[in-house]
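Inside the fold
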Amino acid sequence: RYNAYGDGPKFVCGVDYLRELYEKRKGEANCLVYSIGSNNNILFERAVKQHIGCEIHTFDPTLKSEFKGTEYAKFHPWGLGKEGAKVKFGDSTFKCKSLETIMRELGHIDRKIDIFKIDCEGCEYAAMPPIFDAIAKGKLQIDQI
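These notes cover the structure that comes with them.

Basis of the calculations
- Residues numbered from 1 in each chain as written.
- Predicted model: local features only at pLDDT ≥ 70, side-chain atom pairs only at ≥ 80, totals over all residues.
- Heavy atoms only, no water.
- Helix = DSSP H or I, 4+ residues; strand = E, 2+ residues; numbered from the N terminus.
- Polar contact = N/O pair within 3.5 Å; in protein donor to acceptor, adjacent residues only side chain to side chain.
- Expected span 1.5 Å × (residues − 1).
- Buried < 20%, exposed > 50% of the residue type's maximum accessible area, 1.4 Å probe, protein only.
- Arc of directions from axis to C-beta.
- Contact = heavy atoms within 4.5 Å.
- Core = buried A, V, L, I, M, F, W, Y, C linked by side-chain atoms within 4.5 Å.
- Salt bridge = Lys/Arg side-chain N within 4 Å of Asp/Glu carboxyl O.
- Disulfide = S-S within 2.5 Å.

A few words now on the environment of Ser65. For Ser65, the location among the structural elements is in the loop between strand E2 (55-59) and strand E3 (74-76). Linking Ser65 and Val87, residues 22 residues apart in sequence, is a C-alpha distance of 19 Å. Within the structure, the side chain of Ser65 is placed 3.3 Å from the side chain of Asn40, a separation counted as a polar contact.

Structural data, given as structure tokens:
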């Protein structure tokens, strides 16, 4: 937790190690962060970019205004959950994508996710069981959730 308090920033372990790894990998596959749910609160993305430097992808299908964190993260208006499921959240309705589909579409299928931040107001219940299953079967590597 760097430079902020409240709901935006999150605890991340091994920040110094990840920063060192990032410096060694310059020009190669960078550390990878998925930030699921933002509500346009970019404190997490900003802190990760400033203190570690990872490649960050933020996902939130419910934003009503333009994503504020484009200097820190690549934004995707996608919901995480059971593939093809329609979800209503507030006055937003959207179709979900599985993590596997998201990773395939972004060209990340063979990459490790170094940090997986998920705070999506309930999508965790549908999204996490298949993710844990893929981790247990060795099909997916996530270093930190």
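The first and last C-alpha atoms of helix H4 (residues 124-136) sit 17 Å apart over 13 residues, in line with the 18 Å expected at 1.5 Å per residue. Within H4 the residues assigned to the buried category are Ala127, Met128, Ile131 and Ala134. Down the axis of H4, the buried side of the element spans an arc of 125°, and every buried residue falls inside it. Opposite its buried face, H4 presents the exposed residues Tyr125 and Ala136, each directed more than 90 degrees away. Of the surrounding elements, those touching the buried residues of H4 are strand E4 (79-80), helix H3 (99-105) and strand E7 (115-118). Positioned one or two residues after H4, Gly138 has a phi angle of 75°, which is positive.

A separate point is the nonpolar core. Counting residues in each nonpolar core, the largest one holds 20 residues, and the members touching the most others are Tyr34, Ile36, Leu80, Leu99 and Phe116. A total of four residues in this core trace back to one element, the largest contributor, which is H4. Those residues within four positions of Tyr34 in sequence are excluded, and the remaining contacts are His57, Phe59, Leu99, Ile102, Met103, Leu106, His108, Ile113, Ile115, Phe116 and Lys117. By size, the runner-up hydrophobic cluster in this structure holds 17 residues, among which are Ile42, Ile52, Leu63 and Tyr72.

Before going further, it helps to examine the pattern of salt bridges. Any two side chains of opposite charge can pair if their charged atoms end up close together. Scanning the model with the defined rule gives seven salt bridges in all. Among the salt bridges present, the one from Arg111 reaches Glu55, with a minimum N-O distance of 2.9 Å. With Arg111 in the loop between H3 and E7 and Glu55 in strand E2, this residue pair connects regions lying 56 residues apart in the sequence. The exposure class of Glu55 is partly exposed, given its relative accessible area of 24%. If you follow the salt bridges from partner to partner, you end up with Lys112, Asp114 and Asp143 in one network.

Mapped onto the elements, His76 comes out in strand E3. On the basis of relative accessible area, His76 is assigned to the buried category, the value being 5%. Non-local contacts of His76, meaning those with residues more than four positions away in its chain, are made with His57, Thr58, Phe59, Asp60 and Leu106.

One pass over the structure, following the stated rule, counts two disulfides. Disulfide pairing places Cys31 opposite Cys54 at an S-S distance of 2.0 Å. Classification of the bridge connecting Cys31 and Cys54 rests on its S-S torsion, roughly -105°, and on that basis the disulfide is left-handed. Highlighted residues: Cys31 in the loop between helix H1 (15-24) and strand E1 (32-36) and Cys54 in the loop between helix H2 (43-51) and E2, separated in sequence by 23 residues. On the accessibility criterion, Cys54 (0% relative accessible area) is buried. Note that Cys120 is cross-linked by a disulfide to Cys123, the S-S spacing being 1.7 Å. Between Cys120 and Cys123, the S-S torsion sits near -85°, and that sign places the bridge as left-handed. We classify Cys120 as buried; its relative accessible area is 16%. The class of Cys123 is buried, set by a relative accessible area of 17%. Take the cysteines of the chain that form disulfides and number them in order along the sequence; they join up as 1-2, 3-4. Among the cysteines around Cys96, which has no disulfide bond, Cys123 carries the closest sulfur, lying 7.3 Å off. Take Cys96: its relative accessible area is 5%, and that puts it in the buried class.

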